[in-house]
Amino acid sequence: MDFFKSQESLTALEWIMRSVVGFVFLIFAAKMMGQRSISQLRFLDFIIALTLGNIIAHPLSDERLGLTGSMITTVSLVMLYILAIWLSLKVPKLKQFFDPAAVPLIRNGALDYRNLAKVKLPIEFLYAELRKSNVEDIAKVDYAAWEPGGMLSVFVKPEYRPVTPTDLKLPAPPFNLTRPIIADGHIEHALLREIGKDREWLERELRPHDVRRVVLATVDGKLRVQVHAVRDGRGKPIA
């Protein structure tokens with residue numbers, strides 16, 4: 001365990017051991033912080049991610065620094081992060097500080113230049129975000145706001161929205177979720193148990209395909225199985 005401590009020099013194996021320990025430790029730290037900090041970087045998430053990256057990076061590149069101090073500091077910061085998130089849920093003013101409200105940028109087709117300057121967004125970037133929402137003209141936008149997570153929420157005017165079965169007073173088909181039951185050649189046994197089926201049922205549904213050669217297969221809400229890709233005799237995936 002000498003690679004944990006400060007050293008004049010480290011062997012190649014000790015550098016590898018430091019990398020492995022640092023990698024596994026960061027995985028546990030990220031799990032402790034939860035999926036919020038992974039799915040979107042808000043103000044507090046950005047600060048903690050930047051800080052943790054710098055703390056753990058130094059001992060992984062400098063043999064004169066030990067891992068123990070960095071790991072203790074990382075755990076302390078993760079606990080402070082969790083505490084700050086908990087307090088923001090209890091104290092409204094802290095919540096407003098850490099997670100400010102969305103900033104309106106477009107109202108009824110009119111651009112709010114003051115708020116655009118407030119969030120420091122160039123107009124070209126705004127148009128790029130509108131194009132991602134399939135909106136080519138600001139005049140078609142009923143409301144658009146810049147979210148704390150760094151995304152633009154866009155709501156077009158009713159006359160430009162796609163027609164739905166409800167608009168035409170037509171019956172809509174029920175929701176039918178399709179999920180992979182074989183992915184990368186591996187059977188999703190948890191999904192099999194969820195739908196109340198077993199491997200023998202799956203093999204019957206896959207015929208004439210051999211379950212051992214199926215790369216990707218899906219099952220929908222009506223328990224219909226569809227094969228999307230299989231392997232040939234040499235083990236290469238084919239459509």
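Scroll up to find the structure.
Residues numbered from 1 in each chain as written. Predicted model: local features only at pLDDT ≥ 70, side-chain atom pairs only at ≥ 80, totals over all residues. Heavy atoms only, no water.

### Observations concerning the pairing of strand β3 (residues 141–146)
Alignment of strand β1 (residues 103–107) against β3, held across four bridges, turns out to be antiparallel. From the neighbouring strand, Ile-106 faces β3, where its bridge partner is Ala-144. Note: β3 against strand β4 (residues 152–156), five bridges, orientation antiparallel. By the bridge assignment, Ala-144 is partnered in β4 with Val-154. (Pairing = 2+ DSSP bridges. Helix = DSSP H or I, 4+ residues; strand = E, 2+ residues; numbered from the N terminus.)

### Regarding unusual backbone geometry
For residues other than glycine, phi is negative in most cases, and the peptide bonds are mostly trans. Put simply, Arg-207 and Pro-208 share a cis peptide bond, and its omega is 15°. A positive phi is found at Leu-223, a non-glycine position, where the angle reads about 65°. Here Leu-223 is to be found in the loop between β7 (214–219) and β8 (225–231).

### Things to note about the sheet that holds β4
Here we have four strands laid out as an open sheet, ordered β2-β1-β3-β4, and antiparallel in their pairing. With partners counted over all chains shown, the strands left at the sheet margins are β2 (110–111) and β4, one partner each. Contacts from helix α7 (residues 123–132) reach β1, β2, β3 and β4 within the one sheet, and its direction differs from that of β4 by about 65°. (Contact = heavy atoms within 4.5 Å. Axes fitted to C-alpha atoms, helices over the stretch in contact; angles between N-to-C directions.)

### Overview of helix α9 (residues 199–206)
For α9, the complete set of buried residues consists of Trp-201, Leu-202 and Leu-206. Down the axis of α9, the sector holding all buried residues measures 130°, keeping them to one side. Looking at the buried residues of α9, the elements they touch are β5 (179–183), β6 (186–187), α8 (189–194), β7 and β8. (Buried < 20%, exposed > 50% of the residue type's maximum accessible area, 1.4 Å probe, protein only. Arc of directions from axis to C-beta.)

### Points about the side chain of Glu-129
Along the polypeptide, Glu-129 turns up in helix α7. When its relative accessible area of 11% is taken as the criterion, Glu-129 is described as buried. One polar contact links Glu-129 to Lys-132, side chain to side chain, over a distance of 3.1 Å. (Polar contact = N/O pair within 3.5 Å; in protein donor to acceptor, adjacent residues only side chain to side chain.)

### A few points about the packing of aromatic side chains
Counted according to the given criterion, the structure contains one aromatic pair. For the ring pair Phe-125 and Trp-146, a centre distance of 6.0 Å and an interplane angle of 70° mean the geometry is edge-to-face. Here Trp-146 lies in strand β3 and Phe-125 lies in helix α7, a separation of 21 residues in the sequence. Overall, the relative accessible area of 35% leaves Phe-125 in the partly exposed class. Judged by relative accessible area, which is 15%, Trp-146 ranks as buried. (Phe/Tyr/Trp six-rings, centres within 6.5 Å; stacked < 30°, edge-to-face > 60°.)

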